[in-house]
Amino acid sequence: MKSVIATTYGGPEVLRVVDAPTPVAGEGQVLVRVAASSVNPLDWHELRGKPYLVRIMRGLRAPKTSGQAMGSDVAGVVESVDPGVTRFAVGDEVLGFGKAAWSDVMVVGEAGLVRKPADLSMTDAGGVGVAAITALQGLRKGGLSEPLTWSTGEVEPMRPRVLIIGASGGVGTFAVQIAKLLGAHVTAVTSTRNLELVARLGADDVVDYTTTEVTQQLPRFDLVFELAGTRRRRELARILSPTGTLVACGAPRGQWIGPLAAPAALAIASRFSKRTYTSFLAKRDTDDLQQLAAWLGTGALRVVVDEVYPRDRVAEAVEHSEGGHARGKVILTL
Ligand SMILES: NC(=O)c1ccc[n+]([C@@H]2O[C@H](COP(=O)([O-])OP(=O)(O)OC[C@H]3O[C@@H](n4cnc5c(N)ncnc54)[C@H](OP(=O)(O)O)[C@@H]3O)[C@@H](O)[C@H]2O)c1
């Protein structure tokens, strides 16, 4: 089978499509024939081995053999299952995320997959995994949960005010829609060319960061979900309500410890404030994947696809994502 690997740290040019041994599903694992995947910033951080702290996990001078196969998001068809797997059978169409997703087949722990909704195309399903779960978990971390509903069926009128910075990217396009599904009043920050897109996704207000300094001119928010990594905590504190929460998810492009520097600083700042400053790492959670699949199945949530690349153009796809201005998801088809 073919797989995309990187045996050395570097840019998209070090990626190679090679023949690799077909893996076998181990205990609790599912073997999936991959139809589509996508590119996440995580992929090119791992590819470049930057911030350098990444290399503690992946290998100091070069990626360890076990970490050379690239790709996280997966949409595909179950080809075989370990006998201990109960939720899936051969032939099921699934989506989720794992390791080595830019390979013809990959093994995924059962918990990292859910059934793909029948009406969702494989191409769209390939863009769900990391970005959608990050959006859902980040908003929950910021205190958003199911909207209160009165006995009349009306949604509780005090809608939390949420600001999403980086609203037109992979995570942001999901976050705008999910925040609306969770009952928030959403203000979306993006550049001029994407204002219409985020309004179409349901944002109540849109802000063009190329003409408006968001940390100066806006009202206060209960939750600021920061996905661009371009603004400092102190600046964002100005637009938080007195008990509001900042969830910092966007990674400043640091060489050494980058986004991993943030959690400690945010935790310290929180100790001296009524506001909450926090960051998080998205994690595998089957219930969250089920929730996303349910929304995708009814059409309440949709995948915004920027561009679709065949796998032999994987280097171009990564370059596109690394440019930092994707409009929704950059998809790879296999
Ligand atoms: N903590 C975690 O577990 C986790 C998981 C996934 C992702 N992340 C991080 O979350 C961030 C977003 O990921 P993603 O997949 O959405 O990235 P992406 O698809 O590359 O999107 C980046 C977005 O940022 C916007 N942007 C760039 N400069 C901006 C600025 N100055 N102000 C406002 N928006 C700006 C871009 O919009 P324009 O084109 O309009 O500029 C683009 O839509 C990344 O830093 C990623 O590393 C963290």
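Residues numbered from 1 in each chain as written. Predicted model: local features only at pLDDT ≥ 70, side-chain atom pairs only at ≥ 80, totals over all residues.

Novice: How should I be thinking about the nonpolar core in this particular structure?
Specialist: One broad trend across soluble globular proteins is that nonpolar side chains are buried collectively. Core analysis: the biggest nonpolar cluster contains 95 residues, and I164 and A175 have the highest contact counts within it. Each of two domains, domain 1 (2-128 + 303-333) and domain 2 (133-279), supplies a minimum of three residues to this core. Beyond its immediate stretch of four places on either side in the chain, A175 contacts A135, G138, L139, I164, A167 and F225. (Core = buried A, V, L, I, M, F, W, Y, C linked by C-beta atoms within 7 Å. Buried ≥ 20, exposed ≤ 12 C-beta atoms within 10 Å, placed from the backbone. Domains from an automatic or database assignment. Contact = placed C-beta atoms within 7 Å.)

Novice: Looking at this model, I keep getting lost on the packing of helix α4 (residues 129-141) against helix α10 (residues 286-298). Mind explaining?
Specialist: Helix-helix packing: each pair is described by the crossing angle between the helix axes and the interaxial distance. The interhelical angle for the contact between α4 and α10, taken along N-to-C directions, is 105°, at an axis separation of 10 Å. One way to sum up the angle between α4 and α10 is to call them roughly perpendicular. For the pair α4 and α10, contact is made by A132, I133, L136 and Q137 and by D288, L289, Q291 and L292, respectively. Here the contact of α4 with α10 is built from residues that sort into 5 nonpolar, 2 polar and 1 charged. (Axes fitted to C-alpha atoms, helices over the stretch in contact; angles between N-to-C directions. Helix = DSSP H or I, 4+ residues; strand = E, 2+ residues; numbered from the N terminus. Parallel < 35°, antiparallel > 145°, perpendicular 65-115°, else oblique. Nonpolar A, V, L, I, M, F, W, Y, C, P; charged D, E, K, R; others polar.)

Novice: What's the story with unusual backbone geometry in this structure? I'm lost.
Specialist: Negative phi values dominate among residues other than glycine, just as trans dominates among peptide bonds. For the bond running from K50 to P51, omega is 0°, close enough to zero to count as cis. Its place among the elements puts P51 in the loop between α1 (41-48) and α2 (54-58). Not every positive phi belongs to a glycine, and A100 is a case in point at roughly 65°. Within the fold, A100 resides in the loop between β5 (93-97) and β6 (105-109).

Novice: Help me understand the site of the ligand, please; the structure alone is not making it clear to me.
Specialist: Near the ligand you find 31 residues, and of these P41, G169, G170, S191 and H325 are the closest. For the shell around the ligand, the secondary-structure elements that each account for two or more residues are α4, α5 (170-181) and β9 (185-190). Classifying every residue of the shell around the ligand by side-chain character gives 15 nonpolar, 16 polar and no charged. Each of domain 1 (2-128 + 303-333) and domain 2 (133-279) accounts for three or more of the residues forming the shell around the ligand. (Near = placed C-beta within 6 Å.)

Novice: What is the right way to read the pairing of strand β3 (residues 29-39) from this model?
Specialist: Put simply, side chains in a regular strand alternate between the two faces of the sheet. Among the 11 residues that make up β3, 10 are buried, leaving the element largely enclosed by the rest of the structure. As paired elements, β3 and β6 share 5 bridges and run antiparallel to each other. Note on β6: the bridge partner recorded for Q29 is G109. Sheet analysis places β3 next to strand β4 (residues 73-81), joined by 6 bridges and oriented antiparallel. What sits directly across from L31, in β4, is S80. Relative to strand β15 (residues 329-333), β3 runs antiparallel, the two being bridged by 4 bridges. Opposite S37, over in β15, you have L332 as the bridge partner. (Pairing = 2+ DSSP bridges.)

Keep in mind these values describe shape, not function.
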